[in-house]
Amino acid sequence: MVICQLKNVTRTFGAHTIFTGLSLEVKHGDRIGLVGRNGEGKTTLLHILAGASEPSAGTIGWRKGLTKGLLEQIPEKSENCTTREVLLEVFEELRAMAQKMTELERTLSTDLSPAKMERVLSEYGRLQEQFGEEGGYEMEANIRRVADGLQIDALLEKRWCSLSGGERTKVGLGRLLLQRPELLLLDEPTNHLDLPALEWLTEWMGQHAGSIVVISHDRAFLDEAVNRIVEIEGGELHEYHTNYSGYVQEREERLFQEFQQYQDQQKKIKKMRDTIKRLKEWANRANPPNDGLHRRAKSMEKALARIEQLKKPLLQRKNVELAFAHLGRSGLDVLALAGVWKSFEERDVLRGVDLTLRYQERVAIVGANGTGKSTIFDLILEKVMPDEGEVRLGSNVSIGYLSQHGTELQDDLTVLEAFRESAALTEGEARGQLARFLFFGHAVFRNVSSLSGGERMRLRLAQLISEKHNVLLLDEPTNHLDIDSKEVLEEALSEFNGTILSISHDRYFLNKLFEVTYWLEGGELERYEGTYAYARSKRKNG
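Note that the structure is a prediction, hence the values are computed from the model and not measured.

Basis of the calculations
- Residues numbered from 1 in each chain as written.
- Predicted model: local features only at pLDDT ≥ 70, side-chain atom pairs only at ≥ 80, totals over all residues.
- Heavy atoms only, no water.
- Salt bridge = Lys/Arg side-chain N within 4 Å of Asp/Glu carboxyl O.
- Helix = DSSP H or I, 4+ residues; strand = E, 2+ residues; numbered from the N terminus.
- Buried < 20%, exposed > 50% of the residue type's maximum accessible area, 1.4 Å probe, protein only.
- Pairing = 2+ DSSP bridges.
- Axes fitted to C-alpha atoms, helices over the stretch in contact; angles between N-to-C directions.
- Contact = heavy atoms within 4.5 Å.
- Right-handed = clockwise from strand over helix to strand, strands pointing away.

Visitor: Help me understand the pattern of salt bridges, please; the structure alone is not making it clear to me.
Guide: According to the stated counting rule, one finds 33 salt bridges in the structure shown. With a closest N to O distance of 3.5 Å, aspartate 387 and lysine 342 form a salt bridge. With a gap of 45 residues between them, aspartate 387 in the loop between helix H11 (373–380) and strand S13 (388–393) and lysine 342 in strand S10 (residues 333–344) connect regions that are remote in the sequence. For aspartate 387, a relative accessible area of 44% translates into the label partly exposed. What you see here is one network of salt bridges that share partners, running through Arg219, Lys486, Glu490, Asp506 and Lys512.

Visitor: When you look at unusual backbone geometry in this model, what are you seeing that I'm missing?
Guide: Excluding glycine, most residues fall at negative phi; most peptide bonds, likewise, are trans. Backbone geometry at asparagine 396 places phi at a positive 55°, although glycine is not the residue there. Within the element layout of this structure, asparagine 396 appears in the loop between S13 and strand S14 (399–402). With phi around 50°, glutamate 476 is a residue other than glycine that occupies positive phi space. Along the chain, glutamate 476 falls in the loop between strand S15 (471–475) and helix H15 (483–495). You can call glutamate 476 buried: its relative accessible area is 5%.

Visitor: In this structure, what is going on with the sheet that holds strand S8 (residues 228–233)? I would like to understand it.
Guide: Judged by pairing direction, the sheet is mixed, and its 6 strands sit side by side in the order S5-S6-S7-S3-S8-S9 without closing on themselves. Lying at the two open borders of the sheet, with one neighbouring strand each, are strand S5 (68–70) and strand S9 (236–240). Taken over all neighbouring pairs, the strand axes of this sheet differ in orientation by 15° on average, direction set aside. Across the sheet, helix H1 (residues 42–50) touches strand S3 (31–35), S5, strand S6 (183–187), strand S7 (211–215), S8 and S9, and the angle it forms with S6 is around 155°. The sheet strands contacting helix H6 (residues 165–179) are S5 and S6, and the helix crosses S6 at an angle near 170°.

Visitor: Help me understand the pairing of S7, please; the structure alone is not making it clear to me.
Guide: Look at any regular strand and the pattern is simple: side chains alternate between the two faces of the sheet. Where burial is concerned, most of S7 is hidden: 5 out of the 5 residues are buried. On S7, burial covers both faces: Ser211, Val213 and Ile215 on one face and Ile212 and Val214 on the other are all buried. Pairing analysis gives 4 bridges linking S3 to S7, with the strands arranged parallel. For leucine 34, the partnering residue across the bridge sits in S7 and is isoleucine 215. When S6 meets S7, the two strands line up parallel, connected through 5 bridges. The partner of leucine 183 across the bridge, within S7, is serine 211. Crossover S6 to S7 through helix H7 (residues 195–207) is right-handed.

Listed below in structure tokens is the structure:
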């Protein structure tokens, strides 16, 4: 059953056309992953599907009575309300029903005439039955389940004004999941989620009775959570009835087929043009000029004009150009944590942990948020000192550090100034290098403070490459990057000849690059000689 349908939808902003003539059907039970490069209009399309934005042309229709839910980046709520109150708003009708039942209970405790008693009991019974059918008795249980799954249970009694942007977004997601709309529309729901929360959300989506359209750059999530991929590219939609990995393969096959068709058509058009040219030449050489040949040439010109010319498929798109260099090799033993303890406010974050990193190893640290992964990096970088144990660096170690939010950047500098602080280059050379990271023209004069998360990450990667380190410490390096940029980063890291230690929640990234996994939980660190998938399997199966 079709629950939502777009027909020839166009969206423009001023003179800029985002997309034109898009058509799409969403059916009951669909799990759609909406993919495409940043700036292609994915979020705009999602808002149109939600009815939060009107198309500039075309039509959109929903099944009568359809309930829709759109994940807002940061819900607007009273600053003084608690997180629990924000979540309870979902059950406003049920809470009003509970209040009415309480009032009826008070009425029943008073002296009533038999007739009045019968009417009140009847009303109370009706409300009680409706309350139960609509899940009134599971309100608190559902809130606890969602709060525990998304790991926002510690936030339930906190004031809204005290929450960070990431925490508010997680609460907004929890609120939407509690609503259970028939059409669930999610824009990057995996942002700010750690691995346990990601896995919980994937499982929840599999059990959701309605339809889901989700924008995500998390490839493992798309593999597990969706059964249909809709790609938006160059203002056009392409549909694939598969998950993300299947889409990658089918897209390559489609592009190859389209390129073959384009080449065949170009050959046909060239052949027709050559024939038209020869016919005209023969007609003009004849004495007198041959009208029959002229007519044949004109007929072919009309046939050529009627041909709907195929667009040349874009086989290679402009991507960030990454190539990590390293400054000589380090010693065989790169770094080690031995029996390290670290506490904050009487809480033991690390409890006698050991970690070793050897030359050219690719090592990942995984674990839930707040377990102390970034504390390990802070210890290595000497931002904090261990309470017990020691941190040792090997010989000739030069560390390049990438934080997950690009906090190493100075907000008051321009992009060009920030880059030249790391690279001893002339302005012209620096601008040439920045162009490899998609900073063109006047973009190099923008203030760092105005950059998006993805732009900050690209700038920090440009700095890291120019600094030429032999050890890379990467804290969530794929955050804020689109899928194409992630793939370029993975290729560059795979060719890097030094040593890498990374914190990440990106399962695709973890499984592709890292042959050693450290799992941090309860202050203890356990080493697995394998990928994240191997480590998870070992922990699950004992």
